[in-house]
Amino acid sequence: MTDSNTTPVGQTFHIVITCADGLEIPLQTELASLGIDTQIERTGRLMATLTLAQIYQVCLWSRVASRVLLPLGKKNINPEYDIAEQLYTFAKTVKWTQLFDLEQTFAIRLTLDKRVQANQQFTMLRVKDAIADQFNEQFGRRPNVDKNPDFGIVATVGDKQAELYLDLSGTSLHRRGYRAAMTEAPLKENLAAALLYSVNFHTTQFDSIVDPMCGSGTLIIEALLMSADYAVGLDKADSQFGFYAWQHHDTALWERMVQEAQARFHHRLNAMANGEMPAVFAFDMDSGAVRATHKNLIAAGLTPIINRITLQQRSLATLNLALEKQVNGWVNPLFITNPPYGERLGEEELIKPLYQGLGKKLQALFADSPAKVTLGVLAAKVEQADVLPLAEPKTLRCHNGAITVYFRYGKLLKSKDTPLITRFEKREIAVEEGQDFINRLQKNLANLRKLAHKQAVTNLRVYDADLPDFKVAVDVYGEFVHVQEYAAPKSIPLETAKKRFNLALHGVREALQVNREQVFIKTRARQSGNEQYEKKANSGKFHVVSEPTANNQRAYFLVNFSDYLDTGLFLDHRSIRKIIAENARGKTVLNLFAYTCTASVHAALGGAKAVTSVDLSQNYLDWGRKNFALNGLPDLPSYQFIAQDIFEWIKSNTEQYDVIFIDPPTFSNSKKFQGTFDVQRDHVPLINRAMNRLSADGVLYFSNNFTKFVLDDEINNRYHVEEMTNQTIGFDFDSKRPIHQSWAIRHK
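Quick caveat, the model's predicted, so the values are computed rather than measured. (Residues numbered from 1 in each chain as written. Predicted model: local features only at pLDDT ≥ 70, side-chain atom pairs only at ≥ 80, totals over all residues. Heavy atoms only, no water.)

(A) How the structure looks around the overall build of the protein chain. For the protein chain, the helix and strand inventory stands at 22 helices and 29 strands. Structurally, the protein chain occupies a C-alpha span of about 110 × 60 × 60 Å along its principal axes. Among the 748 residues that make up the protein chain, the fraction classed as buried is 56%. With an accessible surface of roughly 33000 Å², the protein chain has 47% of that area assigned to carbon and sulfur atoms. Averaging the coordinates of the 85 positive side-chain charges in the protein chain and doing the same for the 83 negative ones gives two points 3 Å apart. (Helix = DSSP H or I, 4+ residues; strand = E, 2+ residues; numbered from the N terminus. Buried < 20%, exposed > 50% of the residue type's maximum accessible area, 1.4 Å probe, protein only. Areas by Shrake-Rupley, 256 points an atom, 1.4 Å probe, with all protein chains shown as cover. Lys, Arg positive; Asp, Glu negative; His and termini not counted. Charge placed at Lys NZ, Arg CZ, Asp CG, Glu CD.)

(B) View of the environment of lysine 360. With respect to the helices and strands, the residue lysine 360 is situated in helix H11 (residues 351-365). Residue classification places lysine 360 among the partly exposed residues on the basis of a relative accessible area of 22%. For lysine 360, the contacting residues outside a window of four places in its chain are Asp417, Val544 and Tyr556. (Contact = heavy atoms within 4.5 Å.)

(C) Representation of helix H2 (residues 52-61). In terms of residue burial, H2 counts as a mostly covered element, since eight of its ten residues are buried. Along H2, the residues classified as buried are Leu52, Gln54, Ile55, Tyr56, Val58, Cys59, Leu60 and Trp61. For H2, the elements touching its buried residues are strand S1 (12-18), helix H1 (24-33), strand S3 (45-51), strand S4 (67-76) and helix H7 (251-273).

(D) The UniProt feature "domain: THUMP" (unreviewed entry) in the protein chain, seen in detail. The positions that UniProt labels "domain: THUMP" (unreviewed entry) are, in the present scheme, residues 54-168. The distance from the first to the last C-alpha atom of residues 54-168 is 12 Å, and the span holds 33% helix and 27% strand. (UniProt positions renumbered as here; feature names shortened; annotations may be inferred.)

(E) Representation of the sheet that holds strand S10 (residues 309-313) within the structure. Overall, mixed pairing links the seven strands, which are arranged S10-S9-S8-S11-S12-S14-S13 in an open sheet. Across the chains shown, the open sheet's two edge strands, defined by having one partner strand only, are S10 and strand S13 (390-400). Neighbouring strand axes in the sheet, compared pairwise and without regard to direction, differ in orientation by 15° on average. Those strands touched by helix H8 (residues 287-299) are strand S9 (279-284) and S10, and its axis lies near 155° from that of S10. (Pairing = 2+ DSSP bridges. Axes fitted to C-alpha atoms, helices over the stretch in contact; angles between N-to-C directions.)

(F) Spatial organisation of the side chain of serine 613. The residue serine 613 is located in strand S22 (residues 610-615) in this model. Residue classification places serine 613 among the buried positions, given a relative accessible area of 0%. Engagement of the side chain of serine 613 in a polar contact is seen with the side chain of serine 600, the distance being 2.6 Å. Sequence-distant contacts of serine 613, defined by excluding residues within four places in its chain, comprise Asn591, Ala594, Cys597, Ser600, Leu621, Gln640, Phe641 and Ile642. (Polar contact = N/O pair within 3.5 Å; in protein donor to acceptor, adjacent residues only side chain to side chain.)

(G) Molecular detail of the domain arrangement of the protein chain. Assigned domains of the protein chain: these are domain 1 (12-167), domain 2 (189-229 + 264-412), domain 3 (420-523) and domain 4 (566-746). Each of domain 2 and domain 4 was reduced to a C-alpha centroid, and the two centroids are 37 Å apart. Taken together, the contacts link twelve residues of domain 2 with ten residues of domain 4. In total, about 950 Å² of surface goes out of reach between domain 2 and domain 4, with carbon and sulfur atoms giving 71% of it. (Domains from an automatic or database assignment. Buried area = accessible area lost by both parts, 1.4 Å probe.)

(H) Geometry of the sheet that holds S3. Taken in spatial order, the seven strands of this open sheet run S2-S3-S1-S4-S7-S6-S5, and their pairing is mixed. Looking along the sheet, the strands with just one partner apiece sit at the ends: strand S2 (39-42) and strand S5 (106-112). When the angles between neighbouring strand axes are averaged without regard to direction, this sheet yields 35°. Sheet analysis places S4 next to strand S7 (residues 161-167), joined by seven bridges and oriented antiparallel.

(I) Seen up close, the packing of helix H14 (residues 435-455) against helix H15 (residues 494-512). Packing of H14 against H15 leaves a shortest axis separation of 10 Å and a crossing angle of 40°. In this view, H14 runs oblique relative to H15, as classed from their interaxial angle. The hand of the H14/H15 crossing is right-handed. Residues Phe437, Ile438, Leu441, Gln442 and Leu445 of H14 touch H15, and the partners they reach there are Ala504, Gly507, Val508, Ala511 and Leu512. Here the residues of the contact of H14 with H15 sort into eight nonpolar, two polar and no charged. (Parallel < 35°, antiparallel > 145°, perpendicular 65-115°, else oblique. Left-handed = near helix turned anticlockwise from the far one by under 90°. Nonpolar A, V, L, I, M, F, W, Y, C, P; charged D, E, K, R; others polar.)

(J) Region of the structure containing the pattern of salt bridges. Taken as a whole and assessed by the stated rule, the structure comprises 30 salt bridges. Taking the shortest distance from any N to any O, the salt bridge between arginine 67 and aspartate 167 comes out at 2.5 Å. Of this pair, arginine 67 sits in strand S4 while aspartate 167 sits in strand S7, placing them 100 residues apart in sequence. Here arginine 67 matches aspartate 167 in class, with each residue buried. When salt bridges that share partners are traced, they join Glu41, Arg42, Arg45 and Glu163 into one network. (Salt bridge = Lys/Arg side-chain N within 4 Å of Asp/Glu carboxyl O.)

(K) Spatial organisation of the state of the cysteines. Using the criterion set out here, one finds zero disulfides in the structure. Left unpaired, cysteine 19 is separated from the closest cysteine sulfur, that of cysteine 398, by 11 Å. (Disulfide = S-S within 2.5 Å.)

(L) How the structure looks around the pairing of strand S12 (residues 374-379). In terms of burial, S12 is largely enclosed, as six of its six residues are buried. Burial along S12 is two-sided: the face carrying Thr374, Gly376 and Leu378 and the face carrying Leu375, Val377 and Ala379 are both buried. Where strand S11 (residues 333-337) lies against S12, four bridges are found, and the strand directions are parallel. Looking at S12, one finds that isoleucine 336 is bridged to glycine 376. Of the strand pairs in this sheet, S12 and strand S14 (residues 403-412) are connected by six bridges, and their pairing is antiparallel. When the bridges of S14 are listed, leucine 378 appears paired with phenylalanine 407.

(M) Broad picture of the confidence of the model for the protein chain. Scored by pLDDT, the protein chain comes out at a mean of 92, with 95% of its residues at no less than 70. Note on residues 526-533: pLDDT is under 50 here. Beyond four places in sequence and across chains, it has 18 contacts. (pLDDT = per-residue confidence, 0-100.)

(N) Inspection of H8 at higher detail. For H8, with 13 residues, the first-to-last C-alpha span of 18 Å sits near the 18 Å given by 1.5 Å per residue. Regarding H8, the residues found buried are Ala289, Val290, Ala292, Thr293, Asn296 and Leu297. Within H8, the buried residues cover an arc of 160° as seen down the axis, which keeps them to one side. Counted as exposed and oriented over 90 degrees from the buried face of H8: Arg291 and Lys295. Taken together, the buried residues of H8 touch helix H6 (218-227), S9 and S10. Among the residues trailing H8, glycine 301 stands out with phi positive, at a value near 80°. (Expected span 1.5 Å × (residues − 1). Arc of directions from axis to C-beta.)

Below, the structure is given as structure tokens:
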């Protein structure tokens, strides 16, 4: 080492710059931004010819690189012979005594290709022996090995070749000094930087940065450090680099570069503190993660701008609530996040709906905005990221520690899913023998369109056997149509019924201007037992629809038009679901006969303290859990999904609930009541048991679809009962012949 530059001006060195597998392109992008040309040698390795100043530049400024290595030699090896002895012979050929002297220390780091059969510890010792023997032969003694050496020697052994390097970087460059606090499975700093380079953060003027699931804040901190022009090598500039004892080290040059880097950082940080920075939002559902992010921001030296960062504990479910007043004026926002994927979440089947929900929320948030939104999301499996609505998406395959992950990024697609009811326009349609149906359907659609727009409803019934010759129910779900044929009476010839149904289908397609792929058909007959809920097909195809909920937000649901008689979302209960949402804040909610937990989702989005969903079917509860994930509702102990017979569960449960919702089937098989449940026969004990679980000032909402149902006088006499059918029947259903009846029941 020297105090001034004695290395010939312009002298260059052949250097290997390593990185984690998969980060070669981001590293090459980063180095190009520093004016350094590189070539990708192989996975995890770039080659470059660098001056001394450029070596310092990489060590000081690279956020993606792992190590900077000076090649000392390479040698072909034969895996059939003793690897350790071949390494010893190879290491003896390097002139170690010209690299360092007896008073300096060294250490060996060895990596073996998994295809090479050798003992790593012994092979590493043989490399050390070769160095020691060379010194002993020349000086009669050898330098010491140390855990914090002056010189780090890297040996790599592949299946055909071994290589030796001098490690100029010392400790790995990916390590930062701001890890004051961590969360489970944190994102590595160099991976976070690579993701930012992938979305061209270094060249794009993003006016806002949002991480809706920030964990310990790595992505936000790396983005802010890049914005602040911070040289990450400053974290270890005092003592941790491997070139300090190197004979070509120029102390004066290095110190000058360090001082210049410090000055650049302080200048830029001061400008950011004065407002020259993007809007920054970091959210996480876990209070521990928020605290960790705050500590790490301080440890990263970003205290002067910390008051300009919005750091909040909130789940993805409330993302739009947090940002809806902020996004006005945003032109070029970046949403980048590392969601709780795979091993982090522990429930892989919930990942895809989580990602779907994120995309839907962002599309809704920017529906009326001209902003060009960049979205980048990390996923454990590439198919999980396929649901993200991105234009010309790109994928970076990389690793976060031992986990293979995929970074999917691109521009957010504007939603093209204009609801059918929104875009309906009445027009002349001639259908021979089906004109009456067409006329009635178009009349209904025209009337419903205005009401649907006013209430932001996109899923509704638009025709319900209005005409005796066309006994069908037509439901619109966003972009899709669900047509149910009521089984014709025996007095109607089969051919006549079939012809009328086909005319109705043709009329639906013409009036709504949809193709066959958007129309789903079912025949509905009187059901027995649990047939209403049994699987009819196995397409596994789910679609996402939404409906209004509390706080002017939308609840998202997975619906299936093919596999079951019902879709997973009862349209007639739309209003009561919203009532539950609007009365759930801070309360404990119990949903009995929960089905796909749509009412539970509304309660959770409405701010319920806890929501318990009970249903006999584990399949439907799993569907419900996916609905929770779709809405960004975290998988917390306060959200419980219990697969059990309702009567058995409510008899043994001792908890108290503030809001209870019961929407039982008219009839089903059950372990109780001679093996069946009949809503007329059994509603009294059901309601009584549920009222035992209701808090003193709570409310129980009871609803059912049995057209001849009569609420027993015992319930009216024992409790304060308020019929609310008129409030819960939607504008798209006939209030004169209500599809359901509903009551609010309270303790007297």
